[in-house]
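Structural overview
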Amino acid sequence: MKLLNILFILQLFFIHSFALELSLSKEQKEYLKNKKSLNLCTDKDFMPFSRFENGRYEGIGSDIYKIIQKRTDFDINIIPLSKAELKEPKKHNCDIIDFISTLQTQEEMELTKSIINTPLVLVTNIDAPFIDNLTSLKNKNIALLDDQKLIEKISKKYPMLNLIRIGSADTALDLVKKGKIYGYIDSLDIISYRLRKDEHKRLKVSSKLKESLSLSFTVLNNDQILFNIISKVLENLGSSEIENIKNRWLDFDDNKNIDYELLIQVFFIVILVSIFMLQRQYELNKLNKKLEEQIKTELEISRKKDNLIFQQNKMASLGEMVGNIAHQWRQPLSEITMSHNILLFQIQNGSLDIETLNKELKESQKLLKYMSNTIDTFEKLYGKSNKTRSKDIFVKDLLKEVEYILKEPIKLGTIKLIQKIDPAIMIKNDNNSLIQVFLAILQNSIYFFKERNISEPKIFISIKKHKNNICITLGDNAKGIDEKILPYIFDYNFSGRKENNKSTGVGLYISKLIIEEVFKGTIYAENRNNGIRFIIDLPA
């Protein structure tokens, strides 16, 4: 008994200390804020469910009432009423009634879910036989509480019984003991509570009916918001929680003496549990702080690593760009050399005329200007100048710079460019970084065209607007990438090229960083139409 009480008090402590937070609507929260108090009407003699004695509200309902009060912060006034008074709740300004039978509902009442569902049983004297079916009790006097709807229900099911209305359970049990009636029908919980008393030790439960008594909380005056709040509290009560509360009151010893030894034991248990939980909370807070510092340190290391990789990739790409410059300069240098040789030959032979000199010099100047423009383009992309950074630029102009840089390898490889571009689309932010992304992807395509001997190489470029995004697609017909390694192509230091190739393997890794960090977009790759295509989505 003491152990049960200790466990129950501990349960109440945790319920009250760590009450579930109700998920309430804005309207319900406003209702709780503005509602000053509630009147909870209770049957003053309906144990083990409710009792009001010596100014104290007791019973199963009192424990549930404490949970409602804790989880809603309602100021709840307890109004004890007799069974007769409960039939007219409006006269007593009731907002809520606890433990009313579902058979007793009136038009102005709305029931919550069933809190207690207890079977009906028949109580008789101890020497009476056990009964399987009440139909065998023909013309026996059986008492029932004065509940019209319950009486109608039982009389319809068992018309052979002589049903007698009784005002209280104790009166009915006294009549059974004295042999004035054969038995009394009531709920198992009510009977179990009363049969624990010594004065009823000559009585027993002789039969269990198929019918049951269902008890719910009731909200009056069609107050739908209050009904929804109370329903949420009660729905959060688990069935095991209700059973624990019931068991406490059904094992209740009707002794008014306070067990101070028990209270002291409970007090020290609560103190120890509280100290333990505070210690655990302190340790958790300390651990969380340490983890936050570690994460911050790791993020700083990661950023430094990414910056280093970015610079390494830039230098490696610069090497590839120097190769492209050499390709683009080779032809004009040859033409200038040839022009100079012609001029020298004519000077030595004395056949040089002014017209030929002007023509050759103009051609040389044109070729030198082309070479100078090539240097300017690469300086903008890899030099210290930031003139082209962070300004709006048409995508078509951006692609012209990419095509210019890749002009020679595209020309040498007889690669066909197929473009579908909306000329009105403009790109914002770091344009040079986007050029790097295009170059990293297209240079891979050019490499695989040559490495795989693609007979009719094609590069597909599509740029269009889709809703609030700019969708960029870069593809080729270089037979794609093995599906097994496709998920790893954006990983650091991964390369699909042969080992003797000088590729660093960080071009696509950096491309992904640029798209996600600089442009706040996304990039992914897929095999499609005998090649690979990269899909880039950027905010418009």
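A few points on the structure. Per chain, the residues get numbers from 1 upward, laid out in the order the sequence is written. With pLDDT at 70 or above as the cut-off, local features in this predicted model cover only qualifying residues; side-chain atom pairs require 80 or more to be listed or tallied, and sums for whole chains, interfaces and linings still use all residues. To get the side-chain values, all heavy atoms of the structure are used, and hydrogens and water are removed first.

Looking at the state of the cysteines
Formally: Throughout, disulfides are identified as pairs of cysteine sulfur atoms within 2.5 Å of each other. The helix and strand labels rest on DSSP assignments: H or I over at least four residues marks a helix, E over at least two residues marks a strand, and numbering proceeds from the N terminus. Each residue is placed in one exposure class: buried if its accessible area under a 1.4 Å probe, protein chains only, is under 20% of its type's maximum, exposed if it is over 50%, and partly exposed if it falls in between.
The final tally for this structure, using the stated rule, is one disulfide. Each sulfur of the disulfide joining cysteine 41 and cysteine 94 lies 1.9 Å from the other. Disulfide cysteine 41-cysteine 94: the torsion about the S-S bond is -95 degrees, which places it as left-handed. Taken as a pair, cysteine 41 in strand 1 (residues 37–43) and cysteine 94 in the loop between helix 4 (83–86) and strand 6 (96–101) lie far apart in primary sequence, 53 residues in all. Here cysteine 41 matches cysteine 94 in class, with each residue buried.

Re helix 6 (residues 169–177)
Turn by turn, an α-helix covers 3.6 residues, leaving residues three or four places apart pointing in a common direction. So the rule is basically this: An arc is given here, and it is the one of the directions from the helix axis to the C-beta atoms.
Of the positions making up helix 6, those classed as buried are Ala169, Ala172, Leu173 and Val176. Buried residues along helix 6 cover an arc of 100 degrees about the axis, so they all sit on one side. Just past helix 6, the residue glycine 179 takes up positive phi, approximately 75 degrees.

Focus: the pattern of salt bridges
Stated formally: Salt bridges are defined by distance alone: a side-chain nitrogen of Lys or Arg within 4 Å of a carboxyl oxygen of Asp or Glu.
All told, the structure shown has 15 salt bridges when counted by the stated rule. When the shortest N-O distance is used, the salt bridge between glutamate 516 and lysine 512 registers 2.6 Å. Linking glutamate 516 with lysine 512, this pair stays in helix 15 (residues 507–518), spanning four residues, or about one helical turn. Judged by its relative accessible area of 31%, glutamate 516 falls in the partly exposed class. Across the salt bridge formed by arginine 533 and glutamate 526, the nearest N and O atoms sit 2.6 Å from each other. Here arginine 533 falls in the partly exposed class, since its relative accessible area comes to 25%. Taken together, the shared-partner salt bridges connect Arg51, Arg56 and Glu58 into one network.

Quick notes on the packing of aromatic side chains
In plain terms, the rule: Only Phe, Tyr and Trp rings are paired, with Trp represented by its six-membered ring, and only when their centres lie within 6.5 Å; those with planes under 30 degrees apart are stacked, over 60 edge-to-face, the remainder tilted. Criterion for a charge above a ring: Arg CZ or Lys NZ at most 6 Å from the ring centre, at most 35 degrees from the ring normal.
For the structure on display, the rule yields eight aromatic pairs. When the centroid spacing of 5.0 Å and the interplanar angle of 80 degrees are considered together, the rings of tyrosine 447 and phenylalanine 448 count as edge-to-face. With respect to burial, tyrosine 447 and phenylalanine 448 carry one shared label: buried. Aromatic side chains phenylalanine 490 and phenylalanine 534 sit 6.1 Å apart centroid to centroid with 85 degrees between the ring planes, which places their arrangement in the edge-to-face category. In this pair, phenylalanine 490 is assigned in the loop between strand 16 (469–476) and helix 15 and phenylalanine 534 in strand 18 (residues 532–539), connecting sequence segments 44 residues apart. Side by side, phenylalanine 490 and phenylalanine 534 carry an identical accessibility label, which is buried. Ring pairing ties together the aromatic residues Phe46, Phe49, Phe99 and Phe217, which thus form one cluster. Lying over the aromatic face of phenylalanine 130, lysine 204 brings its terminal NZ or CZ to 3.9 Å of the ring centre. Note that lysine 396 overlies the ring of phenylalanine 394, its terminal NZ or CZ placed 5.2 Å from the centroid.

Comments concerning the sheet that holds strand 5 (residues 75–81)
Threshold: For two strands to be treated as a pair, DSSP must find at least two bridges joining them. For helices, the fitted line uses only the C-alpha atoms of the stretch in contact; every axis is such a line through C-alpha atoms, and the angle between N-to-C directions lies from 0 to 180 degrees. Should any heavy atoms of two residues lie within 4.5 Å, those residues are considered in contact.
Reading across the sheet, the eight strands line up as 5-1-6-11-7-10-8-9 and stay open at both edges, with mixed pairing between neighbours. Each of the sheet's edge strands pairs with one partner strand only, and the pair in question is strand 5 and strand 9 (162–166). Taking the axes of each pair of neighbouring strands and ignoring which way they run, one obtains an average angle of 30 degrees across the sheet. Relative to strand 11 (residues 203–220), strand 6 runs antiparallel, the two being bridged by four bridges. What sits directly across from isoleucine 100, in strand 11, is serine 216. Running at roughly 55 degrees to strand 7 (residues 109–125), helix 8 (residues 224–236) makes contact with strand 1, strand 6, strand 7 and strand 11 of the sheet.

Observations concerning the pairing of strand 18
Note: strand 16 against strand 18, seven bridges, orientation antiparallel. Bridged to asparagine 469 within strand 18 is proline 539. In the sheet, strand 17 (residues 522–527) pairs with strand 18 via six bridges, with the strands oriented antiparallel. Considered in strand 18, the bridge of tyrosine 524 is made with isoleucine 535. Between strand 17 and strand 18, which pair antiparallel one after the other, the connecting turn spans four residues, and asparagine 529 there sits at a positive phi close to 55 degrees.

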